[in-house]
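Survey of secondary and tertiary structure
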Amino acid sequence: AGVDLRVVLLIRPAEQILHSTMKRGFNKALIESEILADNARVLYSQLLQIDPRFVMCFDIYDHAETVLSDAGKLELGSFLHHNFNRTEEGQKSWLEFVGGMKPGKPGNVTERIDPPGLQSAVGKLAQGAQLLSSWCASKKRYAR
């Protein structure tokens, strides 16, 4: 069909995902966590049906001070399109472009929901997020 599909899967802790969606006011925490967990399960089932070579996982939110290394950023560029890293100038431009990637801040979701609700919501979401993380780990599709 002449289609070159590339999937970039950003892995993020459940509490950070929930914080990101809650600050936008989409839904109440428990409802939002159920929707996101269902979406994660659907994405997982779709990942099982495609060739893992077309998927790259990035866990750029794992450490507060750390973002992808330059080698990891170049790996992402090569994965997306071979021309991004073909020349030294192309590499420099790509690194500048992705240089704005910042790690997520855990935030404080407890400002908007009570602690028992928070734990339940994060727990629901963590199940779905873990499915995606386990797929990435099992296929060795993590970037550096």
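Residues numbered from 1 in each chain as written. Predicted model: local features only at pLDDT ≥ 70, side-chain atom pairs only at ≥ 80, totals over all residues. Heavy atoms only, no water.

**So, the confidence of the model for the protein**
Summary statistics for the protein give a mean pLDDT of 80 and a share of 80% for residues scoring 70 or more. For the protein, the element scoring lowest by mean pLDDT is helix H1 (residues 14–22), at 82; helix H2 (residues 29–47) scores highest, at 92. (pLDDT = per-residue confidence, 0-100. Helix = DSSP H or I, 4+ residues; strand = E, 2+ residues; numbered from the N terminus.)

**Digging into helix H3 (residues 70–80)**
The complete set of buried residues in H3 reads Gly72, Lys73, Leu76, Gly77 and Phe79. When H3 is viewed along its axis, its buried side chains cluster within an angular range of 165° and face the same direction. Buried residues in H3 make contact with strand S1 (7–10), strand S2 (55–58) and helix H4 (88–98). (Buried < 20%, exposed > 50% of the residue type's maximum accessible area, 1.4 Å probe, protein only. Arc of directions from axis to C-beta. Contact = heavy atoms within 4.5 Å.)

**Section: the environment of Leu131**
Here Leu131 lies in helix H5 (residues 115–138). Here Leu131 falls in the partly exposed class, since its relative accessible area comes to 26%. Sequence separation between Leu131 and Ser45 is 86 residues; the distance between their C-alpha atoms is 9.7 Å. Those residues in contact with Leu131 that lie beyond four places of it in its chain are Arg41 and Tyr44.

**Regarding the packing of aromatic side chains**
All told, the structure shown has 1 aromatic pair when counted by the stated rule. When the centroid spacing of 5.6 Å and the interplanar angle of 35° are considered together, the rings of Trp94 and Phe97 count as tilted. Placement of both Trp94 and Phe97 in helix H4 is noted, with a separation of 3 residues, approximately one turn of the helix. A relative accessible area of 8% means that Trp94 is categorised as buried. According to the relative accessible area criterion, Phe97 is exposed, its value standing at 63%. Residue placement shows Arg6 over the ring face of Phe79; its charged tip is 5.3 Å from the ring centre. (Phe/Tyr/Trp six-rings, centres within 6.5 Å; stacked < 30°, edge-to-face > 60°. Lys NZ or Arg CZ within 6 Å of the ring centre and 35° of its normal.)

**Observations regarding the pattern of salt bridges**
The tally for this structure, following the rule as stated, stands at 4 salt bridges. Glu34 serves as the salt-bridge partner of Lys124, at 3.6 Å between the closest nitrogen and oxygen. Residue Lys124 is found in helix H5, and its partner Glu34 is found in helix H2; the two are separated by 90 residues along the sequence. For Lys124, a relative accessible area of 31% puts it in the partly exposed group. (Salt bridge = Lys/Arg side-chain N within 4 Å of Asp/Glu carboxyl O.)

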